[in-house]
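Working through the structure, step by step
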Amino acid sequence: MITIKEKWEEIIQKLKVEYFLSNISFETWIRPLEVYDIVDDTLYLSINFKASIEHIQNKYLLPLKVCIAEVTGVEYDIKFIPKDVSQSEMETYRPSGETEYKEEIKQKHKKVNHIAEQANLNSKYTFDTFVVGGNNNFAHAASLAVAESPGEVYNPLFLYGGVGLGKTHLMHSVAHYILDKDPSKKVLYVTSETFTNELIDAIRIGKTGNELAMTSFRDKYRNNDVLLIDDVQFIIGKESTQEEFFHTFNHLHNAGKQIIISSDKPPKDMETLEARLRTRFEWGLIADISAPDYETRMAILYKKIEIDQLERYNIPNDVIQYIATNIKSNIRELEGSLNKLIALYRINNNQKEIDITLASEALKDLISPDENRKVTPELIIDVVSEHFNIPISDLKSSKRNAEIANARQIAMYLCRKMTDTPLKTIGLLLGGRDHSTVNHGVDKVSNDVENNETLSNTISIIKKKINPV
Ligand SMILES: Nc1ncnc2c1ncn2[C@@H]1O[C@H](COP(=O)(O)OP(=O)(O)OP(=O)(O)O)[C@@H](O)[C@H]1O
């Protein structure tokens, strides 16, 4: 309590700076807040007017939580109460009974988690797990503003930046935040690949006389309060997809629904994007995410250690610094190297110490950001695994279920088409398969790709991920 009171000025000044509060907002809403009491993990803040509670709750609850946690190191639940509340009234603001309260929260979480899953959201991608640094603070503040007032402030919100820098993480954070506040909101996250493939299917089925296919496609995408489209660069050059997306966009925008888009570049640099879509993308706010600086990389590594409970490995500081120094331009790789380090340590039955030597072994296959990305079979297998969200170990295993077998054959096909690697070597890299199995896989995908437009779309997207140039 004393710490919070002592640090209160520091906390609210941090909030003002980091969340770009105007003087007026700061003086009206934040300055009058006072620390009233702390009970267990709940911090009670008093407010001048009862009527302002809802507004402050909606606008400033999360920023306050974040700043208090950053300054004091403690995450509190926050409750706002009117300034002149009496002790007996105070009880009405407290949770009625600890057990019922916890049960209520648990049930709410369960319900929201289920809704988030249906919206295709990754439960790990929230504002709480997102590290804010100089590279992303503008995008973060914009995302938070959209999360607080969807459809009202920046519409669309267009996030762009290089591979693995947190665009998807931020989009999902906004969606989780909105659902947490109001689980009745309809939220949908899709990649532009899914949008394109579903459109291709709807058109194909429509041609067989089934008119409902297109209607249900449109219902799915237009009947939302928040639509998130990831990696929109992959719809470029596909006329019918751009056309349909244009109408989806207009429909949602006219209805005041929030659209969030991510891309690897800003609209002005998307050369073959139709002009009418480009202008629309520029209507709202465009925010970029760049590569993180050293301090942010360190903070991300520490956050990951905390979230994945890796403290028990006692990873020395110089090892963490070594990773942060060497992996500079892709946060996915930053996280990957930490995972690889732990995997190496465990493979060696915890015999080898976690030190710089082990770390350099873990990092040796990672592409140096300064070098041009060389297309190797290893890289292809990596990208395919990530694209289909299937672990590399499954691609190499003897598992034969359709999803895995399909991804494995696509990896074979791409290794053959994009590199000079002999069939035998591809087979070895994919779990010791013989060259005739690889040959069969390559032939199968080569044939299917001729007749299957969704497969062809998927493969062209994976190719761009492997070699963006
Ligand atoms: N600021 C951050 N704090 C914590 N984790 C982060 C941050 N930025 C990215 N990450 C993590 O890095 C990984 C890659 O991020 P994400 O998938 O959001 O990148 P992306 O920009 O969407 O990449 P792509 O261009 O490949 O779609 C994720 O695991 C994400 O949680």
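Rules of the game
Residues numbered from 1 in each chain as written. Predicted model: local features only at pLDDT ≥ 70, side-chain atom pairs only at ≥ 80, totals over all residues. Heavy atoms only, no water. Helix = DSSP H or I, 4+ residues; strand = E, 2+ residues; numbered from the N terminus. Rg over C-alpha atoms; globule rule 2.2 N^0.38 Å. Buried < 20%, exposed > 50% of the residue type's maximum accessible area, 1.4 Å probe, protein only. Pairing = 2+ DSSP bridges. Axes fitted to C-alpha atoms, helices over the stretch in contact; angles between N-to-C directions. UniProt positions renumbered as here; feature names shortened; annotations may be inferred. Contact = heavy atoms within 4.5 Å. Salt bridge = Lys/Arg side-chain N within 4 Å of Asp/Glu carboxyl O. Arc of directions from axis to C-beta. Patch = residues over 30% accessible without salt bridge, like charges linked within 9 Å, V, L, I, M, F, W, Y side chains within 5 Å. Areas by Shrake-Rupley, 256 points an atom, 1.4 Å probe, with all protein chains shown as cover. Lys, Arg positive; Asp, Glu negative; His and termini not counted. Charge placed at Lys NZ, Arg CZ, Asp CG, Glu CD. Near = heavy atom within 4 Å. Polar contact = N/O pair within 3.5 Å; in protein donor to acceptor, adjacent residues only side chain to side chain. Nonpolar A, V, L, I, M, F, W, Y, C, P; charged D, E, K, R; others polar.

Next up on the list: the overall build of the protein. When helices and strands are tallied, the protein shows 21 helices and eight strands. Here the C-alpha radius of gyration of the protein, 25 Å, is about what a compact globule of 469 residues would show, namely 23 Å. Considering only C-alpha atoms, the protein reaches an extent of 80 × 65 × 45 Å along its principal axes. Burial statistics for the protein: of 469 residues in total, 45% are counted as buried.

The strand order across the open sheet built from three strands is β1-β2-β3, with neighbouring strands paired in mixed fashion. The open sheet has two edge strands with one neighbour each: β1 (34–39) and β3 (77–82). Neighbour-to-neighbour, the strand axes of this sheet turn through a mean angle of 30 degrees, independent of strand direction. Of the strand pairs in this sheet, strand β2 (residues 42–47) and β3 are connected by six bridges, and their pairing is parallel. When the bridges of β3 are listed, L45 appears paired with F80.

UniProt marks G164, G166, K167 and T168 with the feature "binding site: ATP" (unreviewed entry), using the numbering shown here. Along the chain, G166 turns up in the loop between β4 (157–161) and α7 (167–181). Beyond its immediate sequence surroundings of up to four residues, G166 is in contact with F130 and I289. Note that K167 resides in helix α7. Setting aside chain neighbours within four positions, we find K167 in contact with L159, Y160, G161, G162, S262, S263 and I289.

On inspection of all chains with the given rule, the structure shows 18 salt bridges. The salt bridge involving D269 is made with K268; its shortest N-O contact spans 3.6 Å. Given a relative accessible area of 36%, D269 falls into the partly exposed group. Residues K304 and D308 are paired through a salt bridge, measuring 2.5 Å at the closest nitrogen-oxygen approach. Of the residues examined, D308 reaches a relative accessible area of 28% and is grouped as partly exposed. When salt bridges with common partners are traced through the structure, they connect E9, E27 and R31 into a single cluster.

As a further point, take helix α15 (residues 356–363). Given 3.6 residues per helical turn, the α-helix brings residues three or four places apart onto the same face. Buried within α15 are the following residues: L358, A359, A362 and L363. End-on, the buried residues of α15 take up no more than an arc of 135 degrees, which puts them together on one face. The elements touched by buried residues of α15 are α13 (317–326) and α14 (331–347).

Another aspect to go through is the sheet that holds strand β8 (residues 285–289). Strand order in the open sheet formed by five strands is β5-β6-β7-β4-β8, and the pairing between neighbours is parallel. This sheet does not close on itself; its edge strands, each paired only once, are β5 (187–191) and β8. Averaged over all adjacent pairs, the angle separating strand axes in this sheet is 15 degrees, with direction ignored. The sheet contact formed by β5 and strand β6 (residues 226–230) spans five bridges and is parallel.

What follows covers a negative patch on the surface. A surface patch of negative charge is lined by E75, D128, E306 and E311. Here E311 is to be found in the loop between α12 (294–307) and α13.

Contacts to the ligand come from 18 residues, most closely from V131, K167, T168, H169 and E335. Here a nitrogen atom of the ligand sits 2.8 Å away from a polar atom, N or O, in the main chain of V131. G166 places a main-chain nitrogen or oxygen 3.1 Å from an oxygen atom of the ligand. Expressed as a share of its isolated accessible area of 630 Å², the protein-covered part of the ligand is 91%. Looking at side-chain class alone, the shell around the ligand contains seven nonpolar, seven polar and four charged residues.

On to the side chain of T296. Position of T296 relative to the elements: it lies in helix α12. Note on T296: relative accessible area 5%, which makes it buried. Here the side chain of T296 touches D293 through a polar contact of 2.5 Å, side chain to side chain. If we ignore the near neighbours within four places in the chain, the residues touching T296 are V131, G133, G134 and N135.

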